[in-house]
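Observations on chain architecture
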Amino acid sequence: MNMPTETPIYIAGHRGLIGSALVRRLTAAGHRHLITCDRSALDLTDASATNAFFAETRPEYVVLAAGRVGGIVENQQFPADFITSNLAIQLNVVQAARRHGVRRLILLGSSCMYPRECPQPMKENTLLSGQPEPTSLAYAIAKLAGVQLCLACNLQDGEQCFIPLIPNSAYGPHDNFDLGSGHVLASLIRRFVEAAQQGAPSVTLWGSGRPRREFVFADDIADACLQLLSRDISKLELPVNLGSGVDYSIAELAGKIAGFVGYTGNVVWDSSKPDGAPQKLLDSSRLRDWGWQAATGLDAGLHETIAWYRSNHVQEEQACTHQ
Ligand SMILES: NC(=O)c1ccc[n+]([C@@H]2O[C@H](COP(=O)([O-])OP(=O)(O)OC[C@H]3O[C@@H](n4cnc5c(N)ncnc54)[C@H](OP(=O)(O)O)[C@@H]3O)[C@@H](O)[C@H]2O)c1
């Protein structure tokens, strides 16, 4: 299957971490008809507005990279917002895509969907075999529903139109570096850059530092999405995990970031704070056997992300565009 460069492709959530990487990747591949729209002009939790947008813009391909996303603090504070927003966005976008004849749609799941005590590395067929980590349960349930929505549509319609893709922890340029709502890697970059600037004698971090996490560079996720939109997927079993294949303890990650930003003080672990799941490493052999694997190692991705953080503090202003 080929995807001509003039094909209309809608990237929902184009200003976010993964959505902005998709815009970069598709643009670099020569795609000229990218459809994007800011949340202020289209709230995807609004079903009729979403449907009207699809009717007007007629995308043939869609990547759903919009959603309510956050770290452990926000997940615990706003579980109702996480479940309602993500359920609504997924349902509205998938329904609109089905109604308006979208050829292929990628819906992004999350490794939070896996059982907390899942055997490692986590295989797709262990989804729903146990209880997800309680601190992000509402988000996980919404994401599980999104994956099942895709699979149910494919089953009923007799074609692999809806692709549930499950990336592990994403990072890269345009990540959320807010200490309250961001994920661990971006928060660590900000904490260590600020501590280095201020000459702080120590940095106190949440938890024990022992949990192990797998990080995927957002540009690698974007590349996988491009391949999944444009290549034959008839032999690919769904859903499909997307990881880098290597996990690191949070203490190892903190050590790398501190070294890269030149922080020489102490790291103190506040073990009164929750750790979350002990390990989250995906088995990405389905995607690897299909012929794709992540290209960016953690060190290279961290250097690029730190450089971006250092030189970008102001978000660009963007409106709706149908290029
Ligand atoms: N980050 C990760 O580690 C990770 C890992 C696996 C899967 N995922 C999934 O990948 C997707 C994208 O994640 P991300 O990290 O790129 O998120 P992000 O950086 O927070 O970006 C989310 C995007 O969604 C948009 N959005 C949120 N609510 C919306 C609404 N009601 N209507 C329209 N747009 C809305 C945001 O718009 P504004 O710019 O206006 O806020 C933003 O552009 C999510 O579904 C997430 O669950 C993320």
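Preceding this section is the structure that the text describes.
Report follows, based on the coordinates.

**Looking at the site of the ligand**
Around the ligand, the structure places 24 residues, and the nearest of them are Leu17, Arg39, Tyr139, Lys143 and Ala170. Here a nitrogen atom of the ligand and a backbone polar atom of Leu44 are 3.0 Å apart. In the environment of the ligand, an oxygen atom lies 2.5 Å from a nitrogen or oxygen atom belonging to the side chain of Tyr139. Bound to the protein, the ligand loses 84% of the 910 Å² it would expose on its own. Among the elements of the structure, helix H1 (17-28), helix H5 (137-157) and strand S6 (169-171) are those that each provide at least two residues to the shell around the ligand. Classifying every residue of the shell around the ligand gives 12 nonpolar, 8 polar and 4 charged.

**Looking at the nonpolar core**
Core analysis: the biggest nonpolar cluster contains 33 residues, and Leu22, Ile106, Leu165, Leu228 and Leu242 have the highest contact counts within it. Looking at this core, the elements that each hand over two or more residues are strand S1 (9-12), H1, strand S3 (61-64), strand S4 (104-108), strand S5 (162-167), helix H7 (218-230), strand S9 (240-242) and helix H9 (285-290). Considering every element that reaches this core, the biggest residue donor is H7, with 8 residues. Dropping the residues within four chain positions of it, Leu242 is found in contact with Leu165, Ile166, Pro167, Asn168, Val216, Ile221, Ala224, Leu282, Ser284, Leu287 and Trp292. Ranked by size, the runner-up nonpolar core spans 25 residues in total, among them Tyr171, Phe177, Ile257 and Ile306.

**Thoughts on the pattern of salt bridges**
Inspection of every chain in the model, using the stated rule, returns 18 salt bridges. The closest approach of N and O atoms between Arg103 and Glu60, which form a salt bridge, is 3.9 Å. Note that Arg103 is positioned in the loop between helix H4 (79-99) and S4 and Glu60 in the loop between helix H2 (47-57) and S3, a separation of 43 residues in sequence. Arg103 gets classed as partly exposed once you look at its relative accessible area, which sits at 44%. Salt bridges linked by common partners bring Arg68, Glu74 and Asp81 together as one network.

**Points about the state of the cysteines**
In a disulfide, the sulfur atoms of two cysteines are covalently bonded to one another. Under the definition given, this model contains 0 disulfides. Left unpaired, Cys112 is separated from the closest cysteine sulfur, that of Cys118, by 13 Å. In this structure Cys225 is not part of a disulfide, and its nearest cysteine sulfur, from Cys150, lies 12 Å away.

**Quick notes on H7**
Over its 13 residues, H7 extends 19 Å from the first C-alpha to the last, a length consistent with the 18 Å expected when each residue adds 1.5 Å. For H7, a buried count of 12 out of 13 residues is recorded, marking the element as mostly surrounded by other parts of the structure.

**Here we look at helix H6 (residues 184-198)**
Spanning 15 residues, H6 covers 21 Å between terminal C-alpha atoms, matching the ideal 21 Å at 1.5 Å per step. Every buried residue of H6 is accounted for by Leu185, Ala186, Ser187, Leu188, Ile189, Phe192, Val193 and Ala195. Of the surrounding secondary structure, the elements contacted by the buried residues of H6 are S6, strand S7 (202-206), strand S8 (212-217), helix H8 (250-261), strand S11 (266-270) and helix H10 (298-311). With its phi angle positive at about 65°, Gly199 sits one or two positions after the end of H6.

**Let's talk about the packing of aromatic side chains**
In total, this model carries 9 aromatic pairs according to the counting rule given. Ring centres 4.9 Å apart and planes at 55° place the aromatic pair Tyr10 and Phe53 in the tilted group. Placement of the pair is Tyr10 in strand S1 and Phe53 in helix H2, with a sequence separation of 43 residues. The buried category is assigned to Tyr10, whose relative accessible area is 1%. Classification of Phe53 by relative accessible area gives buried; the value is 7%.

About the cut-offs
- Residues numbered from 1 in each chain as written.
- Predicted model: local features only at pLDDT ≥ 70, side-chain atom pairs only at ≥ 80, totals over all residues.
- Heavy atoms only, no water.
- Near = heavy atom within 4 Å.
- Polar contact = N/O pair within 3.5 Å; in protein donor to acceptor, adjacent residues only side chain to side chain.
- Areas by Shrake-Rupley, 256 points an atom, 1.4 Å probe, with all protein chains shown as cover.
- Helix = DSSP H or I, 4+ residues; strand = E, 2+ residues; numbered from the N terminus.
- Nonpolar A, V, L, I, M, F, W, Y, C, P; charged D, E, K, R; others polar.
- Core = buried A, V, L, I, M, F, W, Y, C linked by side-chain atoms within 4.5 Å.
- Buried < 20%, exposed > 50% of the residue type's maximum accessible area, 1.4 Å probe, protein only.
- Contact = heavy atoms within 4.5 Å.
- Salt bridge = Lys/Arg side-chain N within 4 Å of Asp/Glu carboxyl O.
- Disulfide = S-S within 2.5 Å.
- Expected span 1.5 Å × (residues − 1).
- Phe/Tyr/Trp six-rings, centres within 6.5 Å; stacked < 30°, edge-to-face > 60°.

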